[in-house]
Amino acid sequence: MPRAVAGPEIERLIQLIARLPGLGPRSARRVALHLIKKREALMAPLAAAMTDALGKIVECRRCGNVDVCDPCTICTDTSRDRRTLVVVADVGDLWALERAGVLNAPYHVLGGVLSPLDGVGPEDLNLAKLVTRVHEDEVGEVILALGATVDGQTTAHYITDMLRDAHVRVTRLAQGVPVGGELDYLDEGTLSAAIRARTQM
C-alpha cells in the first residue's frame, strides 16, 4: 500500500478530484499539485466560486436545467421558439447543443435514459412533466436529442409512444457520418444509420 506523501487535507483534495469524470489518481495528483502551486491565482478563486455556486444553484422546476434562478434563464428567454421543444437526457447535452448554437428553442431535461439493466425505469425520469408541457404549451414539434445508444433509442421510442395522442410532430437527430469523418474509420452501425438517413443533394 503506497504511503501518503502529504498531509490529510492534501490527500483528501486529491481523492475528491479523482472522483471527477475523466480523472484518475495520477491526473488528480497533477491537478491538485497545479492548484497548490497556484493557490492565490487559481485555488482561492476556485474555492470561492464553488462555495458561491453551491449556495445558489437550483434545478429548474419547469425543464430540469440547472441555473441560479427558477425558472431558469432558458425558460424565461422570450426570444425562443415555443412551438418546438428539445428533449435531452442530461444538462451536459443541453449545454452541448447551446454551444453549437443551432437551436433556438426551450429544452426538457429527462435526467437520464431508460436503462433496465441499471434499474432506471420511466418513473425515474422527468417524463410526466414532458407530456404536461407538450399539451399546455401547444408544442408543434418535439425534437428527441438523445444519444444513439440502445438506451437512448429505447427512451426515444418510449417517448414517441407517450406522445402519440398529443398530435405533435416527433423528430430525432440524424445519425451517421460525422463532419470531417472518413468512411474507412466508421463502424458498421454508423454507416448503416448514415445510409438510412441519406438526404437528397
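The structure this text deals with has already been given above.
Described below are features of the structure shown in this document. Worth saying up front: this structure is predicted, and the values here are computed from it rather than measured. (Residues numbered from 1 in each chain as written. Predicted model: local features only at pLDDT ≥ 70, side-chain atom pairs only at ≥ 80, totals over all residues. Heavy atoms only, no water.)

Some words on the overall build of the protein chain
Right, so step 1: Counting its secondary structure elements, the protein chain contains seven helices and six strands.
Right, so step 2: Mapped from its N terminus to its C terminus, the protein chain presents α and β elements in the order α-α-α-β-β-β-α-β-α-β-α-β-α.
Right, so step 3: Over its C-alpha trace the protein chain gives a radius of gyration of 21 Å, far above what one expects of a compact globule, namely 17 Å for 201 residues.
Right, so step 4: Put simply, the protein chain has 201 residues, and 30% of those count as buried.
Right, so step 5: Counting every atom, the protein chain has about 13800 Å² of accessible surface; 57% of that belongs to carbon and sulfur.
Right, so step 6: Between the mean site of the 23 positive side-chain charges and the mean site of the 26 negative ones, the protein chain shows a separation of 7 Å. (Helix = DSSP H or I, 4+ residues; strand = E, 2+ residues; numbered from the N terminus. Rg over C-alpha atoms; globule rule 2.2 N^0.38 Å. Buried < 20%, exposed > 50% of the residue type's maximum accessible area, 1.4 Å probe, protein only. Areas by Shrake-Rupley, 256 points an atom, 1.4 Å probe, with all protein chains shown as cover. Lys, Arg positive; Asp, Glu negative; His and termini not counted. Charge placed at Lys NZ, Arg CZ, Asp CG, Glu CD.)

A look at the environment of Asp-93
Right, so step 1: Within the fold, Asp-93 resides in helix α4 (residues 91-100).
Right, so step 2: On the accessibility criterion, Asp-93 (33% relative accessible area) is partly exposed.
Right, so step 3: A C-alpha to C-alpha distance of 8.1 Å links Asp-93 and Ala-145, two positions 52 residues apart in sequence.

What about the sheet that holds strand β3 (residues 84-88)?
Right, so step 1: If you walk across this open sheet you meet the four strands as β4-β3-β5-β6, and the pairing is parallel. Looking at the sheet topology across the chains shown, the edges are occupied by β4 (107-109) and β6 (169-172). In this sheet, neighbouring strand axes are inclined to one another by 25° on average, regardless of whether the strands run parallel or antiparallel.
Right, so step 2: Here β3 runs beside β4; their pairing, made up of three bridges, is parallel. (Pairing = 2+ DSSP bridges. Axes fitted to C-alpha atoms, helices over the stretch in contact; angles between N-to-C directions.)

What to know about the side chain of Thr-84
Right, so step 1: Residue position: Thr-84 is located in strand β3.
Right, so step 2: Setting aside anything within four residues of it in sequence, one finds Thr-84 in contact with Ala-105, Pro-106, Val-139, Glu-141 and Ile-143. (Contact = heavy atoms within 4.5 Å.)

Topic: α4
Right, so step 1: Considered for burial, the residues of α4 that qualify are Val-91, Leu-94 and Leu-97. Projection of α4 onto a plane perpendicular to its axis shows the buried side chains occupying an angular sector of 120°, all on one side.
Right, so step 2: Contacts from the buried residues of α4 go to β2 (66-67), β3, β4 and β5 (141-145). (Arc of directions from axis to C-beta.)

Description of the nonpolar core
Right, so step 1: Within the largest apolar cluster, 18 residues are counted, with the highest numbers of intra-cluster contacts made by Val-134, Val-142 and Ile-159.
Right, so step 2: Those residues in contact with Val-142 that lie beyond four places of it in its chain are Leu-85, Val-87, Val-134, Leu-163, Val-168, Arg-169, Val-170 and Thr-171.
Right, so step 3: In terms of nonpolar packing, the next biggest core, distinct from the first, is built from 15 residues, Val-88, Tyr-107, Val-109 and Ile-143 among them. (Core = buried A, V, L, I, M, F, W, Y, C linked by side-chain atoms within 4.5 Å.)

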